[in-house]
Amino acid sequence: MRPVPVVAVIFLSALFSAPLQSQQPTAASASPQAESLLQRARAALSGANPISDVTLTGTARRIAGSDDESGSVTLKATLAASRIDMSLPSGPHTEVRNNSADAQQSGAQQSGAWSGKDGVSHAAAFHNLLTEPAWFFPSFAVLRSLANSGYVVTLVGHETKDSVAVDHLSLQQNFSTIPAPQSTLLQHLSQVDLYLDSSTLLPVAMTFNIHPDNNANLDIPIEIRYSDYRLVNGAQVPFHIQKFLNNGLILDLQLTTATLNTGLASSIFATQ
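Described below are features of the structure shown in this document. Note that this is a predicted model, so its numbers are computed, not measured. (Residues numbered from 1 in each chain as written. Predicted model: local features only at pLDDT ≥ 70, side-chain atom pairs only at ≥ 80, totals over all residues. Heavy atoms only, no water.)

**Details of the pattern of salt bridges**
Our working rule: For salt bridges, the criterion is a side-chain nitrogen of Lys or Arg within 4 Å of an Asp or Glu carboxyl oxygen. Whether a residue is buried, partly exposed or exposed follows from its accessible area with a 1.4 Å probe, protein chains only, as a fraction of its type maximum: under 20%, in between, or over 50%, in that order.
Inspection of every chain in the model, using the stated rule, returns 8 salt bridges. Across the pair Arg61 and Asp68 runs a salt bridge whose closest N-O atoms are separated by 2.6 Å. Arg61 sits in the partly exposed class, given a relative accessible area of 34%. Residue classification places Asp68 among the partly exposed positions, given a relative accessible area of 44%. Close ionic contact of Glu69 with Arg62 constitutes a salt bridge, the shortest N to O distance being 3.6 Å. For Glu69, a relative accessible area of 12% puts it in the buried group. On the basis of relative accessible area, Arg62 is assigned to the partly exposed category, the value being 22%. Ionic contacts of the salt-bridge type, sharing partners, join the residues Lys161, Asp162, Glu223 and Arg225 into one network.

In structure tokens:
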């Protein structure tokens, strides 16, 4: 399990008035049934084919308040990093997330940045970096949870999602070595919920929360919806991806190409 950076512990401790030594660690417990479903989802998504990186291209519709514009998008990801580049009438928009070892040399375990049409880079708040970096490619969320013993997977239940029967899984990083309430907050900040089609085991949706830069305790729900799965080099890739903020559509991606395992350079995921 990856250690939590010192800066994160300092930041989170400031959110609570209770002293650390007076609290006890909390731990989530894994579900064998959930682990089995996740293994079957991995098989449905990629079979026996290893995936090290992905590059996706297509069109993007971005909705932000009164702005509604369309352009092109390129999305790149590895198991621990992602990059989104949109070319829109208002200008370029870029978002980078990096949880890889290359990003940890300065002592940080997660890093992220974004820029808008003015080209000015803004650092992402640490508490918005604990969920899935490659939310547009659900295979990596499944693979990382299975490969990392620091993740806990639980089965929430059998539900209906957008008229589809699904198995609802909750994925959390386990911070039980850190005293509560910090560990409880970190687990919550890292939570990703995955909804698997009960028939195909392909992800139908993923949900998680983002938060204002100055308030890790305020949840703002994000939902990603996946459809139009196509077989690419033995892997199932969703070619239609929608992102919702507070139930409102903010991003609609229609892919035209998907390329796997090209050996993406780590430098493209640099956040500084």
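**A look at the side chain of Asp193**
To be explicit about the condition: Helix numbering and strand numbering both begin at the N terminus, where a helix is a DSSP run of H or I of at least 4 residues and a strand a DSSP run of E of at least 2. Nitrogen and oxygen atoms within 3.5 Å of one another constitute a polar contact, given that in protein one can donate a hydrogen and the other can accept it, and given that sequence-neighbouring residues count only through two side-chain atoms. Any two residues whose heavy atoms approach within 4.5 Å are treated as being in contact.
Topologically, Asp193 is positioned in strand E9 (residues 192-197). Reaching out from Asp193, the side chain makes a polar contact with the side chain of Gln191 at a distance of 2.8 Å. Ignoring anything within four residues of it in the chain, the contact list for Asp193 reads Val156, His168, Leu169, Ser170, Ala205, Met206 and Thr207.

**Some points on the environment of Glu69**
Looking at the element boundaries, Glu69 is found in strand E2 (residues 67-78). On a C-alpha basis, the gap between Glu69 and Pro89 in space is 6.9 Å, while along the polypeptide they are 20 residues apart. Ignoring sequence-local partners within four residues, the contact set of Glu69 consists of Ala60, Arg61, Arg62, Leu88, Pro89, Ser90 and His93. Engagement of the side chain of Glu69 in a polar contact is seen with the side chain of Ser90, the distance being 2.7 Å.

**Brief notes about the packing of helix H2 (residues 32-46) against helix H3 (residues 138-147)**
Inclusion rule: Here an axis means a line fitted to C-alpha atoms, over the contact stretch when the element is a helix, while the angle between two N-to-C directions is reported on a 0 to 180 degree scale. Each angle gets one of four labels, with under 35 degrees taken as roughly parallel, over 145 as roughly antiparallel, 65 to 115 as roughly perpendicular, and the rest as oblique. For any helix crossing, the convention is left-handed if the near helix is rotated counterclockwise from the far helix by under a right angle, and right-handed if that rotation is clockwise. Residue polarity follows a fixed list, in which Ala, Val, Leu, Ile, Met, Phe, Trp, Tyr, Cys and Pro are nonpolar, Asp, Glu, Lys and Arg are charged, and the others, Gly among them, are polar.
Axis separation between H2 and H3 bottoms out at 10 Å; the angle between their running directions is 135 degrees. The pairing of H2 with H3 is recorded here as oblique in orientation. Note that H2 runs across H3; the crossing there is left-handed. Residues Glu35, Leu38, Gln39, Arg42 and Leu45 of H2 lie in contact with H3, whose contacting residues are Ser139, Val142, Leu143, Ser145 and Leu146. Taken together, the residues of the contact of H2 with H3 sort by class into 5 nonpolar, 3 polar and 2 charged.

**Brief notes about helix H4 (residues 182-189)**
Along an α-helix, residues three or four positions apart point the same way, because every turn accommodates 3.6 residues. Burial analysis of H4 places 6 of its 8 residues in the buried class, which makes it a mostly covered element. Taken residue by residue, H4 has Gln182, Ser183, Leu185, Leu186, Gln187 and Leu189 as its buried positions.

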